[in-house]
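Now for the letters of each chain:
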Amino acid sequence: MRNIEEIKTDVLVIGGGAAGCWAALAASDHGLDVTLVNKYPLGKSGTTIVGMITYNAPMGRLGMHPEDSPDIYFADLVKEGARLGEQNLMEIFVRRGRLTVLQLEKLGVPWDKKDGKFEVRRLPGMSIPRGCFSDHRTGLMIQRMLVKEIGRRANIRTVERKITKLLMSGGRVAGAAGLNIHNGNFVKFTARSVILATGGAGRLFRLTSMPEDARGDGYYLAYEAGARLIDMEFHLFFPATLVYPETLRGLVVPRGTTVPLGARILNGRGERFMHKYYPEAELATRDKASISIFREIKAGATTPHGGVYMDVSAVEDLLERYPTSFKDFKEAGMNLPEERLEIAPGLHYTLAGVDINSFGETSLPGLYAAGEVAGNMHGANRIGGSALPECSVFGQIAGENASMHALFAADATPEEGSAEDEFARLDALLDRGRKGEFRPIALIRRLQEIMYDKVGVLRNGPGLAEAIREIGELRARASDMKINPSRVYNNEWIDAVDAIGMIDLGEISARAALARTESRGAHFREDFPWEDDANWGRHSLAFKKDGRLDLSTRPVTITRTEV
Ligand SMILES: Cc1cc2nc3c(=O)[nH]c(=O)nc-3n(C[C@H](O)[C@H](O)[C@H](O)COP(=O)(O)OP(=O)(O)OC[C@H]3O[C@@H](n4cnc5c(N)ncnc54)[C@H](O)[C@@H]3O)c2cc1C
C-alpha cells in the first residue's frame, strides 16, 4: 500500500550540503517559502562534512598574506584548470569568496586566526597561501553552522526524501518526484524554481574518498530532464587514498605537496618508482602522482590489496603536522609511523557537471545548479580548497536568482500525469524485481570496476570502447534486476534507481573521454598524451536529444587574454 504526499513550495532545493544550504538561506532572505530536500539526514550525509582541509579565499589585509588578491587567485585558477574553466564564473568567484568567509564567521564558524588575522595554508596550485581553515574540520564546521541557521528560519522546511525525477511544465522545470525511503511512500513537489545541489559522483568509481551517497543523482536527474551537461570526461583523482585496512578504505592521506613531506612511495616489492614517471617523484602534483601510481599498479608491482605503499617513517613530527588523518589512522589501530600505508588513486572530485551560467541557471528554465554537481568553473583540474567556497558563492547565486524567478515567472504546474508516471516506474521496478536475476548492487559494483580500470586515471581508445561495450551489457541487465519487494527502508530499491542513472552517467563519461583525443588536467589519454588547444581547448557538451546522447563542443568563455 503506498501513499502520495504533495508539497507546494516557491523554491525547492535538492541536496543539503554546503551548496544546498547556502541556496536555501539565500532564497529564504527573499521571504519565499523554501523546501530543502535531502535523501539522508541533513548535516549527517554528503561530502561537505568530510571536506577537511582548507577554504580558499584571497583575504587581503584580513589574512596573513595581505599581498594576495582576487586577480592572483584568478590567474591560479586559470592555470590549474588547464585553461578550460569558464572565466566569467571565476571572475565572480574570486571576488565573492572573502565575503563568504566573513558570513560563515558570523554564523559561528571558528576560523583559525593568529593575532586577529586569518591563518592560511598553501596547497598545490596556489601561488600564495590562501587556504583558511577551521580546527582541521573545515567542512564539518561549515555544515554544522549552516544547518543551525536553517533551523532558525521559519520559512525553510526540511524534508528527508530521495528525488528520482524532475517534473516539467512545457520546457520549464516545475517540480520533482521522489520517494520516502523510510516507508516507501511517494512525494510530488510543485515548485516555481528548483535548485540542484546534489553533490558529486565519486561512487561511479571503485575507490573514492566520497561518501556512499555521492552517486551522481543530480547529473542523471538533469540529463533525463534534458539539461545540458558539460565536460563529462573530467573526474579528479587523489593519489593517496587508503585501500587498506578495510575500515579506513577511501580516507585520503593529507599532503605537503602530493604526500606528507618526507614520505616515500614504494611499489609492492619495496622499491621507489615515482621518479621513473616524472622527475618531481613524490613531489609531483596530484594528477601526475596519480598517473605514476596507477602505471605502477597496472605494471603489476602491487601491495597485497592492489595499491602501493606510503612509508611515513621518516616524516618529522607526523602527528603534530598532520593531526587530522594520522591520529584517526592510529586510533583505528595502525602502528604509525612504522607501519606502511597501502594507497592508490581514488576519485576525489567530479569536475564534470551540469552546465550553468553566471546566474546559476542551467539550460532548462526554472532549473538552477550549484556546488559540485555544477560543472565548468574549475576546468580540467581543481586547486585543493576551492570547492567549499564554490558551494558558498554559487549556492548563494543560485538561491538569489531562483528566488527572482519564483517571484516573477508565471505559475507552472507539472504536466498532468508526469509524477504518476514516475511512481508507476518505481512500482514496476519492485514488481519486476520479484522475478529478476541481477542484484542492483552487483551492477553498481561492476560499473565501478569498469570505470576505475578503463575510464579512470589512464584512458586509451580501445579501453574506452571496451568500457562502452561493457556498460551496454550492464544496461541490458538493469532491465532484469532482482529486488527485495519490501517498500520499507529498502536499499535495494534505491540501488536499482541509482544503477539505472549511474549506468547512463558512466556511458556519457566514457563517450566524452573517447571523443576528447588529447590529454588535459585530470583527463589523460595514453594514446594522445599531449594538449591539443587547436581542437580541444573547448568544453564538451552532452545532452539527451530524441532519447539519445548528443555530444558536441563549445568554446571556453575567456574574459582576460593575459593572466
Ligand atoms: C575527502 C575529501 C576532502 C575534501 N576536502 C576539501 C577541502 O579541504 N576544501 C574544499 O574546498 N573542498 C574539499 N573537498 C570537496 C568538497 O568537500 C565538496 O566538493 C563539497 O563539499 C560538495 O558540496 P555540495 O553541497 O555540492 O554536495 P554535498 O555536500 O555532497 O551535498 C549533497 C547532498 O545532496 C544529497 N542528495 C544527493 N542526491 C539526492 C537526491 N536524489 N535527493 C535528495 N538529496 C540528494 C546528498 O545526500 C548530500 O547530502 C573534499 C572532498 C573530499 C571527498
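One can find the structure itself at the top, above this paragraph.
Residues numbered from 1 in each chain as written. Predicted model: local features only at pLDDT ≥ 70, side-chain atom pairs only at ≥ 80, totals over all residues. Heavy atoms only, no water.

Novice: Please clarify how the overall build of the protein chain should be interpreted in this entry.
Specialist: For the protein chain, the count of helices and strands is 15 helices and 19 strands. Relative to the compact-globule value of 24 Å for 563 residues, the protein chain shows a C-alpha radius of gyration of 23 Å, a close match. Oriented by its inertia axes, the alpha-carbon framework of the protein chain measures out at about 65 × 55 × 50 Å. Every one of the 563 residues in the protein chain was classed for burial, and the buried ones make up 60%. Long-range contacts, defined here as pairs at least 24 residues apart, represent 74% of the contacts in the protein chain between residues at least 6 apart. For the protein chain, the accessible surface area stands at approximately 21,000 Å², while carbon and sulfur atoms represent 51% of it. Within the protein chain, the 74 negative side-chain charges are centred at a point lying 1 Å from the centre of the 72 positive side-chain charges. (Helix = DSSP H or I, 4+ residues; strand = E, 2+ residues; numbered from the N terminus. Rg over C-alpha atoms; globule rule 2.2 N^0.38 Å. Buried < 20%, exposed > 50% of the residue type's maximum accessible area, 1.4 Å probe, protein only. Contact = heavy atoms within 4.5 Å. Areas by Shrake-Rupley, 256 points an atom, 1.4 Å probe, with all protein chains shown as cover. Lys, Arg positive; Asp, Glu negative; His and termini not counted. Charge placed at Lys NZ, Arg CZ, Asp CG, Glu CD.)

Novice: How do you make sense of the packing of helix 12 (residues 440-454) against helix 14 (residues 491-515) when you look at a structure like this?
Specialist: A pair of packed helices is characterised by two quantities: the angle between their axes and the separation of those axes. Two elements in contact, helix 12 and helix 14, have axes whose closest approach is 8 Å; the angle formed by their N-to-C orientations is 25°. Compared by their axis directions, helix 12 and helix 14 come out roughly parallel. At the point where helix 12 passes helix 14, the crossing takes the left-handed sense. Residue-level inspection shows Pro-440, Ile-441, Ile-444, Leu-447 and Met-451 of helix 12 in contact with helix 14, the latter providing Glu-492, Asp-495, Ala-496, Asp-498, Ala-499, Met-502, Ile-503, Gly-506 and Ser-509. (Axes fitted to C-alpha atoms, helices over the stretch in contact; angles between N-to-C directions. Parallel < 35°, antiparallel > 145°, perpendicular 65-115°, else oblique. Left-handed = near helix turned anticlockwise from the far one by under 90°.)

Novice: For this particular structure, what's the right way to read the packing of aromatic side chains?
Specialist: Aromatic ring pairs: the centre-centre distance and the angle between the two ring planes describe each pair. Counted according to the given criterion, the structure contains 10 aromatic pairs. An angle of 65° between the planes, with centres 6.0 Å apart, marks the rings of Phe-237 and Tyr-452 as edge-to-face. Highlighted residues: Phe-237 in strand 12 (residues 235-244) and Tyr-452 in helix 12, separated in sequence by 215 residues. Grouping residues by exposure puts Phe-237 and Tyr-452 together as buried. Taking 6.0 Å as the distance between ring centres and 80° as the angle between the ring planes, the aromatic pair formed by Phe-528 and Trp-530 counts as edge-to-face. The partly exposed category is assigned to Trp-530, whose relative accessible area is 47%. (Phe/Tyr/Trp six-rings, centres within 6.5 Å; stacked < 30°, edge-to-face > 60°.)

Novice: Mind showing me how you'd approach the site of the ligand here?
Specialist: Lining the immediate surroundings of the ligand are 39 residues, of which Thr-48, Ile-53, Thr-54, Asp-213 and Glu-372 lie closest. Within the backbone of Ala-19, a nitrogen or oxygen atom sits 3.0 Å from an oxygen atom of the ligand. Within the contact set of the ligand, a nitrogen atom lies 2.9 Å away from a backbone nitrogen or oxygen of Lys-39. Computed on the free molecule, the ligand has an accessible area of 1,000 Å², of which 98% lies beneath the protein chains in the complex. Among the elements of the structure, helix 1 (18-28), strand 2 (34-38), strand 8 (162-169), strand 15 (341-350) and helix 10 (387-408) are those that each provide at least two residues to the shell around the ligand. With 4 residues, helix 10 is the single largest residue contributor to the shell around the ligand. A per-class count over the shell around the ligand returns 15 nonpolar, 17 polar and 7 charged. (Near = heavy atom within 4 Å. Polar contact = N/O pair within 3.5 Å; in protein donor to acceptor, adjacent residues only side chain to side chain. Nonpolar A, V, L, I, M, F, W, Y, C, P; charged D, E, K, R; others polar.)

Novice: How should the environment of Val-252 be read in this particular structure?
Specialist: With respect to the element layout, Val-252 can be found in the loop between strand 12 and strand 13 (264-266). A residue is classified by how much of its surface remains accessible, and Val-252, at 9% relative accessible area, is buried. Taking the C-alpha atoms as reference points, Val-252 and Ser-392, 140 residues apart in sequence, are found 23 Å from one another. Aside from chain neighbours lying at most four places away, what touches Val-252 is Met-52, Ser-209, Phe-238, Ala-240, Thr-241, Ser-325, Phe-329 and His-348.

Novice: What is the right way to look at the layout of surface pockets in this model?
Specialist: In this approach, a probe sized like a water molecule rolls over the atoms, and the result shows the empty space that is left. Size it by volume and the second largest pocket reaches roughly 740 Å³. Tyr-223, Glu-224, Ile-500, Asp-504 and Lys-544 are the residues nearest the centre of the second largest pocket, which is lined by 34 residues in total. Secondary structure elements with two or more residues in the lining of the second largest pocket: strand 8, helix 5 (217-225), helix 11 (418-433), helix 13 (461-478), helix 14 and strand 19 (548-555). No other element matches helix 14, which puts 8 residues into the lining of the second largest pocket. For the lining of the second largest pocket, a count of residues per class yields 17 nonpolar, 5 polar and 12 charged. (1 Å grid on protein atoms, 1.4 Å probe; cavity = no way out; pocket = protein on both sides within 12 Å on 5 of 7 lines; lining within 4 Å. Points joined across faces, edges and corners; volume = space filled by probe spheres on them.)

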